[in-house]
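Each chain, written out:
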Amino acid sequence: MAVGMKAVVIDAIIVTVTICLGVFLGKLMKMDRSMALLTSVGSAICGAAAVLGCEGAIKAKPYKTAVAVATVVIFGTLSMFLYPILYRAGIFNLLADQMGIFAGSTIHEVAHVVGAGNAMGAEIASVSIIVKMIRVMMLVPVLLIITFFIAHLARVKNSAEQRGKINVPWFAVFFLLVICFNSFDLLPENVVSFINTFDTFLLTMAMTALGADTSIEKLKKAGFKPFILAFVLYCWLIGGGYCLARFVNL
């Protein structure tokens, strides 16, 4: 609430343009459509978690998911070090509030935003984390739109397997419900801490299972195009996000 609608609008612009640009460039590069979409969603919203969520919606093959996760981890980690360096050097000439919005709306993973924000100061960190969480919540409508779009394509192509069936990503809906529930602080802190620890364990197991179904040969099959796409999207995130943040004054 304190961050305001400006940050919400910037997040919406970043997410929408990144996904649309990624899908468009993927088509120009003659990339596999699902891999282009996974890479774009990961860059647009919240990194590996968004990629895994999108995988469930479009039923992508595990090796494609692994490649998309690799791209967002690489560029997200780079941002965690690059943003503080450029901010301290004065190259990112932004006010603290503006820098917080810039970092939160463009850095890939939540953990990367926390690391970069804290490296630039408490005020920037507090704004960037909230802006990032707003961006994470946009995963729900994005997955719903993608699911409806996939179902529409299936109907157009008269797919005998899918027949246009809409598979609602219920986990995304419950994700939003848990955010609302958690906002009331109804659970004791030690229970929330246990849930977060268990959540980390489950995510680790999911990533391990993903790796177990991936091989070097499958990664070679994907080629360099996903990384080129992720790099172009990364340039857009930095350039576009910086320009948008300059117009904001909280």
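Scope of this entry: the structure provided in the associated data block. Just so you know, these numbers come straight off a predicted model, no measurement behind them.

## Considerations on the overall build of the chain
Then, number 1: Of the regular secondary structure elements, the chain holds 12 helices and 0 strands.
Then, number 2: Along the chain, from the amino end to the carboxyl end, the secondary structure elements read α-α-α-α-α-α-α-α-α-α-α-α.
Then, number 3: A burial count over the chain gives 44% of its 250 residues as buried.
Then, number 4: Across the chain, the fraction of contacts at a sequence separation of at least 24, relative to all contacts at a separation of at least 6, is 77%.
Then, number 5: Total accessible area computed for the chain in this model is approximately 13300 Å², and 71% of it derives from carbon and sulfur atoms.

## Re a nonpolar patch on the surface
Then, number 1: Together, Phe181, Phe184, Leu186, Leu187, Val191, Phe194, Ile195, Phe198, Phe201, Leu202 and Met205 make up a nonpolar patch on the protein surface, roughly 1100 Å² of accessible area in all.
Then, number 2: Top contributing element to the nonpolar patch by residue count: helix 10 (residues 189–212), with 7 residues.
Then, number 3: If you trace the backbone, valine 191 turns up in helix 10.
Then, number 4: The exposure class of valine 191 is partly exposed, given its relative accessible area of 32%.

## Points about the side chain of histidine 112
Then, number 1: Following the sequence through the fold, histidine 112 ends up in helix 6 (residues 110–120).
Then, number 2: According to the relative accessible area criterion, histidine 112 is buried, its value standing at 9%.
Then, number 3: Excluding anything up to four places from it in sequence, histidine 112 contacts Val72, Val73, Gly76, Thr77, Met80 and Ile107.

## Re unusual backbone geometry
It is generally the case that most residues other than glycine have a negative phi and that most peptide bonds are trans.
Then, number 1: Of note, lysine 30 is a non-glycine position whose phi angle comes to about 55°, a positive value.
Then, number 2: Among the structural elements, lysine 30 can be located in the loop between helix 1 (5–28) and helix 2 (33–44).
Then, number 3: Positioned with a positive phi, aspartate 185 is a non-glycine residue whose angle comes to about 55°.

## Some details on the packing of helix 1 against helix 5 (residues 96–106)
Then, number 1: Viewed as axis vectors pointing N to C, helix 1 and helix 5 meet at an angle of 35°, and their least axial separation amounts to 10 Å. Along this stretch, helix 1 crosses helix 5, giving a crossing that reads as right-handed. Contact with helix 1, carried on its side by Ala7, Ile10, Asp11 and Ile14, involves Ile101, Ser105 and Thr106 of helix 5 and no other residues of that element.
Then, number 2: For the contact of helix 1 with helix 5, a count of residues per class yields 4 nonpolar, 2 polar and 1 charged.

## Section: the packing of aromatic side chains
Then, number 1: Summed over the entire model, instances satisfying the criterion amount to 9 aromatic pairs.
Then, number 2: Seen from their ring centres, phenylalanine 198 and phenylalanine 201 are 6.3 Å apart, and the 20° between their planes marks the pair as stacked. With a gap of 3 residues between them, phenylalanine 198 and phenylalanine 201 both fall in helix 10, about one helical turn apart.
Then, number 3: Phenylalanine 198 gets classed as partly exposed once you look at its relative accessible area, which sits at 43%.
Then, number 4: Judged by its relative accessible area of 44%, phenylalanine 201 is partly exposed.
Then, number 5: Taken together, the ring pairs connect Tyr83, Phe92, Phe102 and Tyr242 into an aromatic cluster.

## Observations regarding the layout of surface pockets
Using a probe with the size of a water molecule, rolled over the atoms, empty space left in the structure can be pinpointed.
Then, number 1: Counted as a void, the largest pocket has a volume near 1500 Å³.
Then, number 2: Forming the walls of the largest pocket are 34 residues, and the residues nearest its centre are Met133, Val136, Phe175, Asn196 and Asp199.
Then, number 3: Of all the secondary structure elements, the ones that give two or more residues to the lining of the largest pocket are helix 3 (48–58), helix 6, helix 7 (122–137), helix 9 (170–182) and helix 10.
Then, number 4: Here the lining of the largest pocket gets 10 residues from one element, more than from any other, and that element is helix 10.

## A short note on helix 5
Then, number 1: Burial of helix 5 is extensive: 10 of the 11 residues sit out of reach of the surface.
Then, number 2: Those residues of helix 5 lying buried are Ala96, Gln98, Met99, Gly100, Ile101, Phe102, Ala103, Gly104, Ser105 and Thr106.
Then, number 3: The inward-facing, buried residues of helix 5 contact helix 1, helix 4 (62–88), helix 6, helix 7 and helix 12 (225–246).

What counts and how
Residues numbered from 1 in each chain as written. Predicted model: local features only at pLDDT ≥ 70, side-chain atom pairs only at ≥ 80, totals over all residues. Heavy atoms only, no water. Helix = DSSP H or I, 4+ residues; strand = E, 2+ residues; numbered from the N terminus. Buried < 20%, exposed > 50% of the residue type's maximum accessible area, 1.4 Å probe, protein only. Contact = heavy atoms within 4.5 Å. Areas by Shrake-Rupley, 256 points an atom, 1.4 Å probe, with all protein chains shown as cover. Patch = residues over 30% accessible without salt bridge, like charges linked within 9 Å, V, L, I, M, F, W, Y side chains within 5 Å. Salt bridge = Lys/Arg side-chain N within 4 Å of Asp/Glu carboxyl O. Axes fitted to C-alpha atoms, helices over the stretch in contact; angles between N-to-C directions. Left-handed = near helix turned anticlockwise from the far one by under 90°. Nonpolar A, V, L, I, M, F, W, Y, C, P; charged D, E, K, R; others polar. Phe/Tyr/Trp six-rings, centres within 6.5 Å; stacked < 30°, edge-to-face > 60°. 1 Å grid on protein atoms, 1.4 Å probe; cavity = no way out; pocket = protein on both sides within 12 Å on 5 of 7 lines; lining within 4 Å. Points joined across faces, edges and corners; volume = space filled by probe spheres on them.

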